[in-house]
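# Report on the structure
Chain residues, written in single-letter form:
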Amino acid sequence: MAGRVWIGLCFLLFGIGFLLHQVDIINFGQLLSTWWPLILIMIGIIQLFYRHQASKVSGFMFLFVGVFFLVNQVFNLNVGPYLVPFLLIIIGIIIIFHRFNRGKRAHTDTDLNTFALFSGAEIRSQSQNFRGGSVTTIVGGAEIDLRDAHIVDGAMLYVTSVLGGASVMVPENVQVEVTGIPILGGWEDSTRRSNGEGEVIRLKLHCLTILGGAEIKN
């Protein structure tokens, strides 16, 4: 589902909620204060439906935090003090079992999967058949250079940025189509439009930015 549809649904639900609150049918403020973790759970589920491993990692984190707070709110278990230890355990497991991309490295595979947690990644792709992939940054950053890559028409790249940033550089003959969900964040498409001469390749980017940002440029 396109990012604008999710954003539209959020505005629609909030609008209906505030309307029902104004006519004294429901107490929307109380509902929101109790069920707000469902927002995190929904973001996690969306991420889990992505076909790339890095998106699943961030999806499980959103899902865990959302379920944690939801249980705390609904059953009043006062489990808030245990959130930080559990998160540290999860981050530790990710660090142990996930291969992180540190520093500058070359990339030649068809798919690109990068996960940066409290760190940075700088990747220059020389793939001759680039089909897309996933770039996830959590309190970190990533610079992805695709200017030397042969991009397949219609390739899909998922970019997730949480309290971090991601930069994607593309060749000038690539037309970028950006969709996504900005939550207190955003993205900027600074690419130059093709003048119509030669072959034009379409690269689709789906961005999820939460207190973070993404930039696409030539």
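Computed from a predicted structure; not experimentally measured. Throughout, residues of each chain are indexed from 1 in the direction in which the sequence is written. Only residues with pLDDT of at least 70 are given local features in this predicted model, and only at 80 or more are side-chain atom pairs given and counted; all residues enter the totals for whole chains, interfaces and linings. For side-chain calculations, the full set of non-hydrogen atoms in the structure is used, while hydrogens and water are omitted.

## A closer look at the sheet that holds strand 4 (residues 130-138)
At least two DSSP bridges between two strands are needed for those strands to be called paired. Numbering of helices and strands runs from the N terminus, with a helix taken as a DSSP run of H or I at least four residues long and a strand as a DSSP run of E at least two residues long. The five strands lie next to each other as 2-4-6-10-8, forming an open sheet whose pairing is parallel. Each having just a single partner strand, strand 2 (111-117) and strand 8 (174-183) make up the two edges of the open sheet. On average, each strand axis in the sheet is tilted by 10° relative to the strand beside it, whichever way the strands run. The pairing of strand 6 (residues 151-162) with strand 10 (residues 201-210) spans eight bridges and is classified as parallel. The residue bridging Leu-157 from the neighbouring strand is Leu-205, located in strand 10. For helices, the axis comes from a line fit to the C-alpha atoms of the stretch in contact; other axes are also lines fit to C-alpha atoms, and the angle between any two N-to-C directions lies between 0 and 180 degrees.

## Looking at the pattern of salt bridges
Each reported salt bridge corresponds to a side-chain nitrogen of Lys or Arg within 4 Å of a carboxyl oxygen of Asp or Glu. Taken as a whole and judged by the stated rule, the model has five salt bridges. In this structure, the salt-bridge partner of Asp-145 is Arg-124, at a minimum N-O distance of 2.7 Å. Separated by 21 residues along the polypeptide, Asp-145 in strand 5 (residues 141-145) and Arg-124 in strand 3 (residues 120-125) bring together distant segments of the chain. Residue class for Arg-124 comes out partly exposed when judged on its relative accessible area of 35%. Here's how the labels work: a residue is buried when its accessible area is under 20% of the maximum for its type, exposed when over 50%, partly exposed in between, all with a 1.4 Å probe on protein chains only.

## Some thoughts on the layout of surface pockets
In this analysis, the protein atoms alone were mapped onto a 1 Å grid. Cavities are point sets where a 1.4 Å probe fits without being able to get out; pockets are open sets with protein on both sides within 12 Å along at least five of seven lines; lining residues have an atom within 4 Å of a point. Grid points are joined across faces, edges and corners, and a volume is the space filled by probe spheres set on the points. Considering only enclosed or pocket space, the largest pocket measures out at about 480 Å³ in volume. If you trace the largest pocket, you find 20 residues lining it, with Met-61, Phe-62, Val-65, Ile-138 and Val-162 closest to the centre. Those elements that provide at least two residues to the lining of the largest pocket are helix 3 (37-48), helix 4 (53-75) and helix 5 (83-97). Tallied by class, the residues present in the lining of the largest pocket amount to 19 nonpolar, one polar and no charged. Here the term charged refers only to Asp, Glu, Lys and Arg, the term nonpolar to Ala, Val, Leu, Ile, Met, Phe, Trp, Tyr, Cys and Pro, and the term polar to all other amino acids, Gly among them.

## Details of unusual backbone geometry
The phi dihedral of Asp-24 is positive, around 60°, even though this residue is not glycine. Position of Asp-24 relative to the elements: it lies in the loop between helix 1 (3-22) and helix 2 (28-35). With phi around 55°, Leu-184 is a residue other than glycine that occupies positive phi space. Within the secondary structure, Leu-184 is located in the loop between strand 8 and strand 9 (186-189). A residue is classified by how much of its surface remains accessible, and Leu-184, at 71% relative accessible area, is exposed.

## Points about the environment of His-150
Mapped onto the secondary structure, His-150 falls in the loop between strand 5 and strand 6. Through-space distance from the C-alpha of His-150 to that of Ser-125 is 9.0 Å; in sequence the pair is 25 residues apart. Note on contacts: a residue pair is in contact if any heavy atoms of the two residues lie within 4.5 Å. For His-150, the residues in contact, after removing those within four places along its chain, are Ser-127, Gln-128, Asn-129 and Phe-130. For this analysis, a polar contact is any N or O atom pair within 3.5 Å, provided that within protein one partner can donate a hydrogen and the other can accept it, and provided that sequence-adjacent residues contribute only side-chain to side-chain pairs. Polar side-chain contacts of His-150 include one of 3.5 Å to the backbone oxygen of Gln-128.

## Observations regarding a nonpolar patch on the surface
In this scheme, patches are assembled from residues that exceed 30% relative accessible area and form no salt bridge. Like charges are connected within 9 Å, while nonpolar side chains (Val, Leu, Ile, Met, Phe, Trp, Tyr) are connected within 5 Å. Each accessible area is a Shrake-Rupley estimate made with a 1.4 Å probe; only the visible protein chains count as cover when residues are assessed. A grouping of Leu-31, Trp-35, Leu-38, Val-74, Phe-75 and Leu-77 is seen on the molecular surface, where their side chains present a nonpolar patch of about 570 Å² in accessible area. Listing elements by their share of the nonpolar patch, those giving two or more residues are helix 2 and helix 4. Along the polypeptide, Leu-38 turns up in helix 3.

## A word on the packing of aromatic side chains
For Phe, Tyr and Trp, rings pair up if their centres lie within 6.5 Å, where Trp contributes its six-membered ring, and each pair is then called stacked (planes under 30 degrees apart), edge-to-face (over 60) or tilted (otherwise). Considering all chains together, one arrives at five aromatic pairs under this definition. Measuring from centroid to centroid gives 5.9 Å for Phe-14 and Phe-28, while their planes differ by 85°, and the two rings are edge-to-face. With a gap of 14 residues between them, Phe-14 in helix 1 and Phe-28 in helix 2 connect regions that are remote in the sequence. Assessed through its relative accessible area of 31%, Phe-14 is described here as partly exposed.

## Thoughts on the environment of Leu-83
Inspection of the secondary structure assignment puts Leu-83 in helix 5. When the C-alpha positions of Leu-83 and Val-65 are compared, they lie 7.9 Å apart, and in sequence the two are 18 residues distant. Setting aside chain neighbours within four positions, we find Leu-83 in contact with Phe-64, Phe-68 and Phe-69.

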